[in-house]
Amino acid sequence: DTAVSQTPKYLVTQMGNDKSIKCEQNLGHDTMYWYKQDSKKFLKIMFSYNNKELIINETVPNRFSPKSPDKAHLNLHINSLELGDSAVYFCASSPRTSGIYEQYFGPGTRLTVT
Amino acid sequence: GENVEQHPSTLSVQEGDSAVIKCTYSDSASNYFPWYKQELGKRPQLIIDIRSNVGEKKDQRIAVTLNKTAKHFSLHITETQPEDSAVYFCAAPQGFQKLVFGTGTRLLVSP
């Protein structure tokens, strides 16, 4: 299936731990994103990569570090997890390098920090 | 930067009624306005979008209208059905490849 996939779907961990979320797209898109959706459903962009290059880096704590080994993969590593990091994290991809086009979202990773 | 406001935050309608959700944006240079639907526990999915060179676009029961002068755009759903119940997000572009999303509208369609 052509899609944006994320692993894991659920992640429950304790404060202070380090965790990673992986994202892969097989749509041939050039641009990938990480979004955070909090309990009020607000969708906020965190990072964007275009052909492995970081192009958007919102005001996100340094504990969050994205990494793009190739244009089909974008991972998110989070150090020293805090309670406020609990949210659903969505990966997304977009087909064009210029202009704004449809963003295809992954299924989300629900992170719960206890 | 772009600021997107979305209203209402919740909307309850009876099956068969119409539903309208409105968004305003601040950047007059914005030229692309998508609407996403997010069902409970699912990912946001694009349902319709419009570019600034047209004023209205329809796809079966859904339509989007754009007023560039007033800097607002609206989603119209006619003949609503229970499966239309979801959270709907509007968005507008800011800079290169970035979308700013509205705060979402929870639509509930009662049978």
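Residues numbered from 1 in each chain as written. Chains lettered and ligands numbered in written order. Predicted model: local features only at pLDDT ≥ 70, side-chain atom pairs only at ≥ 80, totals over all residues. Heavy atoms only, no water.

**Q** Give a detailed account of the overall build of chain B, specifying residues and quantitative values.
**A** The helix and strand tally for chain B stands at 0 helices and 11 strands. When the helices and strands of chain B are listed from N to C terminus, the series reads β-β-β-β-β-β-β-β-β-β-β. Taking 2.2 N^0.38 as the reference for a compact globule, 111 residues should give roughly 13 Å; the C-alpha atoms of chain B span a radius of gyration of 13 Å, in line with that estimate. Each principal axis of the C-alpha atoms in chain B carries an extent, and together these give about 40 × 30 × 20 Å. Taken over 111 residues, chain B has a buried fraction of 44%. The contacts in chain B between residues at least 6 apart in sequence include a share of 53% that link residues at least 24 apart. For chain B, the exposed area adds up to about 5,400 Å²; of that, 47% sits on carbon and sulfur atoms. (Helix = DSSP H or I, 4+ residues; strand = E, 2+ residues; numbered from the N terminus. Rg over C-alpha atoms; globule rule 2.2 N^0.38 Å. Buried < 20%, exposed > 50% of the residue type's maximum accessible area, 1.4 Å probe, protein only. Contact = heavy atoms within 4.5 Å. Areas by Shrake-Rupley, 256 points an atom, 1.4 Å probe, with all protein chains shown as cover.)

**Q** Tell me about the nonpolar core, and name the residues and values.
**A** Residue and element names in this part refer to chain B. Counting 24 residues, the largest nonpolar core has Phe-33, Trp-35, Phe-73, Leu-75, Ile-77, Tyr-88 and Leu-107 as its most contacted members. Those elements that provide at least two residues to this core are β2 (10–14), β3 (19–25), β4 (32–38), β5 (45–51), β7 (62–67), β8 (72–77), β9 (86–93) and β11 (105–110). Once you skip the residues sitting within four places of it in the chain, Phe-33 turns out to touch Tyr-25, Ile-48, Asp-49, Ile-50, Leu-66, Phe-73, Ala-91 and Ala-92. (Core = buried A, V, L, I, M, F, W, Y, C linked by side-chain atoms within 4.5 Å.)

**Q** Requested: an account of the sheet that holds strand β1 (residues 4–7) of chain A, with residues and values cited.
**A** Residues and elements named next belong to chain A. Taken in spatial order, the 4 strands of this open sheet run β1-β3-β8-β7, and their pairing is antiparallel. Only two strands of the sheet have a single neighbouring strand rather than two, namely β1 and β7 (64–70). Taken over all neighbouring pairs, the strand axes of this sheet differ in orientation by 20° on average, direction set aside. When strand β3 (residues 19–25) meets strand β8 (residues 73–78), the two strands line up antiparallel, connected through 4 bridges. What sits directly across from Glu-24, in β8, is His-73. (Pairing = 2+ DSSP bridges. Axes fitted to C-alpha atoms, helices over the stretch in contact; angles between N-to-C directions.)

**Q** Provide a residue-level description of the pairing of strand β11 (residues 109–113) of chain A, including the pertinent values.
**A** Residues and elements named next belong to chain A. On β11, burial follows the alternation: Thr-109, Leu-111 and Val-113 on one face are buried, whereas Arg-110 and Thr-112 on the facing-out side are not. Strand direction decides the pairing type here: strand β2 (residues 10–13) and β11, joined by 4 bridges, are parallel. Bridge assignment links Leu-11 to a residue of β11, and that residue is Leu-111. The pairing of strand β9 (residues 87–94) with β11 spans 3 bridges and is antiparallel. Considered in β11, the bridge of Ala-87 is made with Leu-111.

**Q** Outline the state of the cysteines, listing residues and values.
**A** Within this structure, the stated rule accounts for 2 disulfides over all chains. For A:Cys23, the disulfide goes to A:Cys91, at an S-S distance of 1.9 Å. Torsion about the S-S bond of the A:Cys23 and A:Cys91 cystine: about -75°, corresponding to left-handed handedness. Highlighted residues: A:Cys23 in strand β3 and A:Cys91 in strand β9, separated in sequence by 68 residues. A relative accessible area of 1% places A:Cys23 in the buried class. The side chain of B:Cys23 participates in a disulfide bridge whose partner is B:Cys90; the two sulfur atoms lie 1.9 Å from each other. Residues B:Cys23 and B:Cys90 share a disulfide whose torsion about the S-S bond is about -95°; that sign makes it left-handed. On the criterion of sequence distance, the pair formed by B:Cys23 in strand β3 and B:Cys90 in strand β9 is long-range, its members being 67 residues apart. Each member of the pair, B:Cys23 as well as B:Cys90, is classed as buried. (Disulfide = S-S within 2.5 Å.)

**Q** Account for the interface of chain A and chain B, with residues named and values stated.
**A** Counting residues at the interface gives 26 residues for chain A, matched by 18 residues for chain B. Where chain A abuts chain B, roughly 2,000 Å² becomes buried across the two surfaces, and 57% of that area is made up of carbon and sulfur atoms. Counting across the chain A and chain B interface gives 1 salt bridge. A salt bridge links B:Lys98 to A:Glu58; its shortest N-O distance comes to 2.9 Å. Where chain A touches chain B, the interface holds 4 residue pairs in polar contact (both at pLDDT 80 or more). Among the elements that take part in the side of chain A that touches chain B, strand β4 (residues 31–37) of chain A stands out by supplying 4 residues, more than any other. Its residues placed into classes, the side of chain A that touches chain B shows 13 nonpolar, 9 polar and 4 charged. (Buried area = accessible area lost by both parts, 1.4 Å probe. Salt bridge = Lys/Arg side-chain N within 4 Å of Asp/Glu carboxyl O. Polar contact = N/O pair within 3.5 Å; in protein donor to acceptor, adjacent residues only side chain to side chain. Nonpolar A, V, L, I, M, F, W, Y, C, P; charged D, E, K, R; others polar.)

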